[in-house]
Amino acid sequence: MVCLGNICRSPIAEGIMKEKLRIHGLKGTIDSAGTASFHIGEPPDPRSIDIAKKNGIDISGQMARSFSDSDFGRFDLIFAMDKENFDNIRRISRSEEDKKKVYMILDNLFPDQQKEVPDPYYGGKDGFEKVFKLLDDGCEAIVSKLKK
Ligand code: 4NP
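These figures come from a predicted structure and were not determined experimentally.

Conventions and cut-offs
Residues numbered from 1 in each chain as written. Predicted model: local features only at pLDDT ≥ 70, side-chain atom pairs only at ≥ 80, totals over all residues. Heavy atoms only, no water. Phe/Tyr/Trp six-rings, centres within 6.5 Å; stacked < 30°, edge-to-face > 60°. Buried < 20%, exposed > 50% of the residue type's maximum accessible area, 1.4 Å probe, protein only. Helix = DSSP H or I, 4+ residues; strand = E, 2+ residues; numbered from the N terminus. Patch = residues over 30% accessible without salt bridge, like charges linked within 9 Å, V, L, I, M, F, W, Y side chains within 5 Å. Areas by Shrake-Rupley, 256 points an atom, 1.4 Å probe, with all protein chains shown as cover. Salt bridge = Lys/Arg side-chain N within 4 Å of Asp/Glu carboxyl O. Lys, Arg positive; Asp, Glu negative; His and termini not counted. Charge placed at Lys NZ, Arg CZ, Asp CG, Glu CD. Contact = heavy atoms within 4.5 Å.

Description of the packing of aromatic side chains
- For the structure shown, the criterion picks out 3 aromatic pairs.
- Ring geometry for Phe-67 versus Phe-72: centroids 5.3 Å apart, planes at 90°, classification edge-to-face.
- Take Phe-67: its relative accessible area is 11%, and that puts it in the buried class.
- On the basis of relative accessibility, which here comes to 0%, the residue Phe-72 falls in the buried class.
- Both rings, one in Phe-79 and one in Tyr-103, keep their centres 6.1 Å apart while their planes meet at 35°; by these two values the pair is tilted. You can see Phe-79 sitting in strand E3 (residues 78–80) and its partner Tyr-103 sitting in strand E4 (residues 102–104), a full 24 residues away along the chain.
- The exposure class of Phe-79 is buried, given its relative accessible area of 7%.

As structure tokens, this is what we get:
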């Protein structure tokens, strides 16, 4: 799960996807990272921790890190929150194989629409509620596909 800072959107996505794997009885390694480095080592934004907690998910133990090209070797699927993240992830890919692992996280929910999870950092609390709902629906769509 990849966003810009790894403190708002992708930590929520990581928390939701881990919970969905648990609920659906699936196994997998889920992690998140940011394409920028300014928040490395920080916990998620308090607003992300709050909205996750309201929905029964504890993301407070996460710590921000940067996405690196070694992640292409560690993961089969890489989900970007927006087009800028998508382009930046692909830019550091090492091969065509790597590029094929990268998707927009809402693509299963809204096929062929290139829909983005909006960056909630500079907005209010309602932005985080909207982000949570989008990610919950988006991750559910991904899990349904993985189960097929
Ligand atoms: P995220 O949100 O990419 O969802 O973690 C942001 C966090 C921090 C900044 C921008 C977006 N920032 O500019 O510091």
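Topic: a negative patch on the surface
- A contiguous patch of negative charge on the surface is contributed by Glu-84, Asp-87, Glu-116 and Asp-119.
- Relative to the assigned elements, Glu-116 resides in the loop between E4 and helix H6 (125–147).
- We classify Glu-116 as partly exposed; its relative accessible area is 35%.

Remarks on the environment of Pro-120
- Mapped onto the elements of the fold, Pro-120 is located in the loop between E4 and H6.
- The spacing of Pro-120 and Lys-54 is 66 residues in sequence and 17 Å in space, taken between C-alpha atoms.
- Not counting chain neighbours up to four residues away, the residues in contact with Pro-120 comprise Cys-8, Arg-9, Arg-47, Gly-127, Phe-128 and Val-131.

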